[in-house]
Amino acid sequence: MRRTILKATFTSSVITKGAAVMLSAFCLISPAQAQESAKIGFISTERVFREAAPYKAAQARLEQEFSRRQKELQDMATRLKSAADKFDKDAPVLSESDRVRRQRELSDMDRDLQRRQREFQEDLSQRRNEETAGAIDRTNKVIKQIAEAEKFDIVLQEAAYVSNRIDITDKVIKALAK
């Protein structure tokens, strides 16, 4: 156990020294080198998906296309629940054969509902992918146009922290609205 603690302490010490060396190297960068540093931009893909016109339009099309099927599934689930409640209420007075028959009917209804829900989810996922593929291509083109026009060296999509100074999400959303 003592050996494990020593190994962990040694590893921690090496990592700390390595971080100190890297920090020292960054401090030694001259002002001329800092001016030549990369121009960085950031885009919040979550905000683009939530706020940009092409994604809102795709969501509206999907809702219109799938709302009827979703309503049918909800109605089917309601019918199954009421049939199950009725069975629970009637079960003590039913004959054995009626009880078995109604249990089988409930089981069949439940299996059918689950199958239809699975098909619905698969169809919805496929259509969502189809709808968003075009919007993603268009978004990537807009990001590239903005990056080239403003001479960005790199545009990031994920980060732990982002300064408002490099966030170009609003520009992308506005360009997608055109």
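Reading guide: rules and limits
- Residues numbered from 1 in each chain as written.
- Predicted model: local features only at pLDDT ≥ 70, side-chain atom pairs only at ≥ 80, totals over all residues.
- Heavy atoms only, no water.
- Helix = DSSP H or I, 4+ residues; strand = E, 2+ residues; numbered from the N terminus.
- Contact = heavy atoms within 4.5 Å.
- Areas by Shrake-Rupley, 256 points an atom, 1.4 Å probe, with all protein chains shown as cover.
- Core = buried A, V, L, I, M, F, W, Y, C linked by side-chain atoms within 4.5 Å.
- Buried < 20%, exposed > 50% of the residue type's maximum accessible area, 1.4 Å probe, protein only.
- Axes fitted to C-alpha atoms, helices over the stretch in contact; angles between N-to-C directions.
- Parallel < 35°, antiparallel > 145°, perpendicular 65-115°, else oblique.
- Left-handed = near helix turned anticlockwise from the far one by under 90°.
- Nonpolar A, V, L, I, M, F, W, Y, C, P; charged D, E, K, R; others polar.
- Phe/Tyr/Trp six-rings, centres within 6.5 Å; stacked < 30°, edge-to-face > 60°.
- Lys NZ or Arg CZ within 6 Å of the ring centre and 35° of its normal.
- pLDDT = per-residue confidence, 0-100.

*Asks:* Explain the overall build of the chain here, please?
*Replies:* Looking only at helices and strands, the chain features six helices and two strands. The helix and strand sequence of the chain, counted from the amino end, reads α-α-β-α-α-α-β-α. Contacts spanning at least 24 positions in sequence make up 81% of the contacts within the chain whose residues lie at least 6 apart. By element, 55% of the accessible surface of the chain is carried by carbon and sulfur atoms, the whole surface being about 13,500 Å².

*Asks:* It is not clear to me how the nonpolar core should be interpreted in this structure. Could you clarify?
*Replies:* If you look at soluble globular proteins, the nonpolar side chains tend to sit buried side by side. One finds V48, A52, V172 and L176 to be the most contacted residues of the largest nonpolar core, which totals 14 residues. Of all the secondary structure elements, the ones that give two or more residues to this core are helix 5 (96-149) and helix 6 (169-177). Sorting elements by how many residues they give to this core places helix 5 first, with five residues. Residues within four places of L176 in sequence aside, it is in contact with V48, A52, A53, P54, R138, T139 and V142. In this structure, M76, L94, L113 and L124 belong to the second largest nonpolar core, which totals twelve residues.

*Asks:* I tried to follow the packing of helix 5 against helix 6 on my own but got confused; where do I start?
*Replies:* Their axes nearest at 10 Å, the elements helix 5 and helix 6 cross at an angle of 120°. The angle between helix 5 and helix 6 falls in the class oblique. The hand of the helix 5/helix 6 crossing is right-handed. Only K171, V172, A175 and L176 of helix 6 make contact with helix 5, whose side of the interface consists of R138, T139, V142, I143 and I146. Of the residues assigned to the contact of helix 5 with helix 6, the class counts are six nonpolar, one polar and two charged.

*Asks:* Can you walk me through the packing of helix 4 (residues 53-90) against helix 5 in this structure?
*Replies:* When two helices pack together, their arrangement is given by the angle between their axes and by how far apart the axes lie. In the contact formed by helix 4 and helix 5, the axes pass within 10 Å of each other and the chain directions differ by 170°. Taken together, the axes of helix 4 and helix 5 lie roughly antiparallel to each other. Looking at the contact of helix 4 with helix 5 residue by residue, the classes come out as 19 nonpolar, four polar and 17 charged.

*Asks:* How do you make sense of the packing of aromatic side chains when you look at a structure like this?
*Replies:* Ring pairs (aromatic) are described by centroid distance and by the angle formed between their planes. Using the criterion set out here, one finds two aromatic pairs in the structure. Taking 5.7 Å as the distance between ring centres and 80° as the angle between the ring planes, the aromatic pair formed by F66 and F120 counts as edge-to-face. With F66 in helix 4 and F120 in helix 5, this pair connects stretches of sequence that are 54 residues apart. Using a relative accessible area of 5% as the deciding quantity, one classes F66 as buried. For K39, the ring lying beneath its charged end belongs to F152, and the centroid distance is 4.7 Å.

*Asks:* Got a minute to help me understand the confidence of the model for the chain in this structure?
*Replies:* As a general rule, the predicted coordinates of low-pLDDT regions are not to be interpreted in detail. Chain-level statistics for the chain give a pLDDT mean of 83 and a share of 80% at 70 or above. Here residues 1-35 scores under 50 on pLDDT; set against residues more than four positions off or in separate chains, the count is two contacts.

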